[in-house]
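Coordinates in review
Listed below are the residues making up each chain.
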Amino acid sequence: MATSMDYMNGSDVLFTIAGKGYGHCTTHSVTFNSETKERAVKPPVKNKQSKALFSGKGVTKMSISVHGEGFRYKGEEEMSLDEIRKLWGAGQSVVLECFERADSPAPYLKGNFVITKLEESSPAQDDATFNVDFENDGEPEVYPGQPTTGGSDTP
C-alpha cells in the first residue's frame, strides 16, 4: 500500500538554466514530444478480408519542451527574470538541466535549449510572476531512453 512518503514532492524536482536554479520557481513541466508517420499497407492477397485494417506508426521526430513559472523576487540569488531576459536577448541556446533533489543529483535531462517564450505578469495588488518556455536545440546530452554509447558510465 502506498503511503504519502512514496509520492514525489514537486518541490524536490528542479531545473537549472545555465548552471543556476530557476529562482523562486513555483512549478515547471517537461514535455517529451514525438511526431509520427503512419504506414498503412494492404494485407497480402492470401489473407482473408479484414474489417479493421490497422496501420503501423514510426517516430519521425522527437523534441523536448520545458516550461517554468515563478515569482519575481527583489533579492534573487538564483536565476532571475533580468538574467533570463539577457539570455533570451543573446539569441543563443543555454544549457538546461532537470533533476531530482538529492545529495548528488544526476540530471534526467541535460542539453542545449532555446528560450522560445518569456512572459511577465504584473497584476495590480498581486505578486509579479514570470514564465519561460524552452525547446531543445539538437539532441540533448542526457535524456530518458538515451542510447548508450558504451564509452561512458554516465547517463
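Heads up: these notes are all about the structure in this document. (Residues numbered from 1 in each chain as written. Predicted model: local features only at pLDDT ≥ 70, side-chain atom pairs only at ≥ 80, totals over all residues. Heavy atoms only, no water.)

Time to look at the overall build of the chain. For the chain, the helix and strand inventory stands at one helix and seven strands. Written out in order from the N terminus, the α and β elements of the chain read β-β-β-β-α-β-β-β. Here the chain has a C-alpha radius of gyration of 21 Å; the compact-globule value for 155 residues is 15 Å, and the former is much larger. With the principal axes as the frame, the chain shows a C-alpha extent of 75 × 40 × 35 Å. The buried share among the 155 residues of the chain stands at 21%. The long-range fraction of contacts in the chain, counting pairs at least 24 apart against all pairs at least 6 apart in sequence, stands at 67%. Total accessible area on the chain stands at roughly 11400 Å², and carbon and sulfur atoms take up 49% of it. Counting 16 positive and 23 negative side-chain charges, the chain places the averaged centre of each group 16 Å from the other. (Helix = DSSP H or I, 4+ residues; strand = E, 2+ residues; numbered from the N terminus. Rg over C-alpha atoms; globule rule 2.2 N^0.38 Å. Buried < 20%, exposed > 50% of the residue type's maximum accessible area, 1.4 Å probe, protein only. Contact = heavy atoms within 4.5 Å. Areas by Shrake-Rupley, 256 points an atom, 1.4 Å probe, with all protein chains shown as cover. Lys, Arg positive; Asp, Glu negative; His and termini not counted. Charge placed at Lys NZ, Arg CZ, Asp CG, Glu CD.)

A separate point is the pairing of strand β1 (residues 13-17). Looking at chain direction, β1 and strand β5 (residues 94-100) are connected through five bridges and run antiparallel. Bridge pairing in β5 links Val 13 to Glu 100. One ladder, built from two bridges, connects β1 with strand β2 (residues 20-21); its direction is antiparallel. Along β2, the bridge assignment pairs Ile 17 with Lys 20. Counted between consecutive antiparallel strands, the loop separating β1 from β2 contains two residues, among which Ala 18 sits at a positive phi close to 50°. (Pairing = 2+ DSSP bridges.)

Estimates place the volume of the largest pocket at around 240 Å³. Every residue lining the largest pocket is counted, 13 residues in all, and those nearest its centre are Gly 10, Ser 11, Val 13, Leu 14 and Cys 25. Put simply, the parts of the chain that give the lining of the largest pocket at least two residues each are β1 and β3 (25-39). Split into classes, the residues belonging to the lining of the largest pocket amount to five nonpolar, seven polar and one charged. (1 Å grid on protein atoms, 1.4 Å probe; cavity = no way out; pocket = protein on both sides within 12 Å on 5 of 7 lines; lining within 4 Å. Points joined across faces, edges and corners; volume = space filled by probe spheres on them. Nonpolar A, V, L, I, M, F, W, Y, C, P; charged D, E, K, R; others polar.)

What follows is about the state of the cysteines. Counted by the stated rule, this structure contains zero disulfides. Unpaired in terms of disulfides, Cys 25 finds its nearest cysteine sulfur in Cys 98, a separation of 9.9 Å. Given a relative accessible area of 0%, Cys 98 falls into the buried group. (Disulfide = S-S within 2.5 Å.)

If you check the backbone angles, Ala 18 has positive phi at about 50° while not being a glycine. Here Ala 18 falls in the partly exposed class, since its relative accessible area comes to 42%. Phi is positive for His 24, which is not a glycine, with a value near 45°. With respect to the secondary-structure elements, His 24 resides in the loop between β2 and β3. Accessibility expressed as a relative area gives 35% for His 24, which makes it partly exposed.

Interpretation in functional terms is not warranted from these geometric data alone.
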